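Report on the structure
Here is what each chain is made of, one letter per residue.
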Amino acid sequence: MGLFSELKLAVPWGHIAVKVWGSQKNPPVLCLHGWLDNANSFDRLIPLLPQAFKWTRFSLLGHSFGGTVGGMFACIFPEMVDQLILLDSTPFFLDSNETENILTYKRRNMEHMFQVEASQNSLRVSSLEEMLQGLLNKNSHLNKECGELLLQRGTTKMATGVVLNRDRRLSVPEHSFDFVSKEMFVHFIRRLQANVLLVKATQGYYDVRRANDENKEPLFFMVDTLRTILKERFQYVEIPGNHYVHMNNQHLVAGIVSAFLQSQPRTASRL
């Protein structure tokens, strides 16, 4: 399955870069990459997936934050999403104290955005080797090959080195995401019409706030809720590997995703 084309979708703040794979004759599957990653994170996985399915609706595959965005979309527009595949991700970020803390979280998010937007710091130019080492130092789940692959698309060459292609307003994850309570999560999941596959890497992340990463209770609650509400429309698979297992063990992930896509009955749209 070769790369078909590159697209740029104009938006008020710049553009959204898109990589198109496979045949345009097939209904699309939108793949959403993780926080501060880019579309190259799927370069190893996409060629291993099946090319021709007769989907009747839109399908979403998301890694990390991309899965959370996809899960939110699938609940807001349930009639549009036929398949939802979450790679070391969850449909929402859960916080049992969200009801009491929602205004505090919103204020922190806004203050962080204002602070970054007011900053006049110029883009930092580094050598590609220095940029790669910094990326690997900050993310122990990435190996050298995967880091190089992300930086191929995630940097722009300058006269004296490279700069990162990132929105600095997203630099702190807990200031970029919205959290929901358990009650809100249950309500949202009841709206899902999609078949859902959640692939959890056993050495992956369990909380976007790394200080809480040892607490697995929110994940267990979400999995139990998805299983109870969606029943046979939900599959949960644990696999060995870290947060970037779809890049460093793409054959394992491709086998699971392919089996899910090929075995799932098409669900009728319920408007």
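Quantities reported herein were computed from a predicted structural model and do not represent experimental measurements. (Residues numbered from 1 in each chain as written. Predicted model: local features only at pLDDT ≥ 70, side-chain atom pairs only at ≥ 80, totals over all residues. Heavy atoms only, no water.)

**Considering the overall build of the chain**
Looking only at helices and strands, one finds eight helices and eleven strands in the chain. For the chain, the residues scored as buried account for 46% of the 271 residues in total. For the chain, the exposed surface amounts to about 14,600 Å²; the carbon and sulfur share of it is 56%. (Helix = DSSP H or I, 4+ residues; strand = E, 2+ residues; numbered from the N terminus. Buried < 20%, exposed > 50% of the residue type's maximum accessible area, 1.4 Å probe, protein only. Areas by Shrake-Rupley, 256 points an atom, 1.4 Å probe, with all protein chains shown as cover.)

**Overview of the nonpolar core**
Among soluble globular proteins, nonpolar side chains are generally buried collectively. F185, I189, L192 and L226 are the most contacted members of the largest nonpolar core, which totals 24 residues. In terms of residues, this core owes the most to one element, helix α6 (residues 217-230), which gives six residues. Setting aside its immediate chain neighbours within four residues, I189 contacts C75, P91, F92, L226, I229 and L230. Grouped together as the second largest cluster of nonpolar side chains are 18 residues, L45, L87, V199 and V253 included. (Core = buried A, V, L, I, M, F, W, Y, C linked by side-chain atoms within 4.5 Å. Contact = heavy atoms within 4.5 Å.)

**Brief notes about the side chain of S126**
If you trace the backbone, S126 turns up in the loop between α2 (98-118) and α3 (128-138). With residues up to four places along the chain from it excluded, the contact list for S126 reads M131, G161 and V162.

**Some details on the pairing of strand β7 (residues 155-158)**
In the case of a regular strand, side chains alternate between the two sheet surfaces. In the sheet, β7 pairs with strand β8 (residues 161-164) via four bridges, with the strands oriented antiparallel. Bridge pairing in β8 places K157 opposite V162. Where β7 folds back on β8, the antiparallel hairpin that results is connected by two residues. (Pairing = 2+ DSSP bridges.)

**Concerning helix α4 (residues 144-154)**
Residues of α4 that are buried: C146, G147, L149, L150, L151, R153 and G154. Its side-chain oxygen at 3.3 Å from the backbone nitrogen of E145, N143 defines the N-terminal cap of α4. (Polar contact = N/O pair within 3.5 Å; in protein donor to acceptor, adjacent residues only side chain to side chain.)

**Thoughts on the packing of aromatic side chains**
Taken as a whole and judged by the stated rule, the model has six aromatic pairs. Centre to centre, the rings of F92 and F188 are 5.1 Å apart; their planes meet at 35 degrees, and the pair counts as tilted. You can see F92 sitting in the loop between β5 (81-87) and β6 (93-94) and its partner F188 sitting in helix α5 (residues 182-189), a full 96 residues away along the chain. Here F92 falls in the buried class, since its relative accessible area comes to 4%. (Phe/Tyr/Trp six-rings, centres within 6.5 Å; stacked < 30°, edge-to-face > 60°.)

**Points about a nonpolar patch on the surface**
Side chains of M72, I76, F77 and M80 sit close together on the surface and give an oily, nonpolar patch of about 340 Å² of accessible area. Here I76 falls in the partly exposed class, since its relative accessible area comes to 48%. (Patch = residues over 30% accessible without salt bridge, like charges linked within 9 Å, V, L, I, M, F, W, Y side chains within 5 Å. Salt bridge = Lys/Arg side-chain N within 4 Å of Asp/Glu carboxyl O.)

**Quick look at the sheet that holds strand β11 (residues 234-239)**
Taken in spatial order, the five strands of this open sheet run β3-β4-β5-β10-β11, and their pairing is parallel. Single-partner strands in this sheet number two, and they are β3 (29-32) and β11. Across this sheet, the average inter-strand angle for adjacent strands is 10 degrees, counted without regard to direction. Here β3 pairs with strand β4 (residues 58-63) via four bridges, running parallel. Paired with V29 across the bridge in β4 is S59. Where helix α1 (residues 65-76) meets the sheet, it contacts β3, β4 and β5, and its direction lies at approximately 150 degrees from that of β4. (Axes fitted to C-alpha atoms, helices over the stretch in contact; angles between N-to-C directions.)

**Regarding the environment of L226**
Note on placement: L226 falls in helix α6. It is 9.7 Å that separates the C-alpha atoms of L226 and F185, two residues lying 41 residues apart in sequence. The contacts of L226, once residues within four sequence positions are left out, are P91, F185, I189, L192, L198, K231 and F234.

**Description of helix α8 (residues 250-263)**
Helix length check: α8, at 14 residues, gives a terminal C-alpha distance of 20 Å against a target of 20 Å (1.5 Å per residue), a fit within 8%. For α8, every residue scored as buried is listed here: Q250, V253, A254, I256, V257, S258, F260 and L261. (Expected span 1.5 Å × (residues − 1).)

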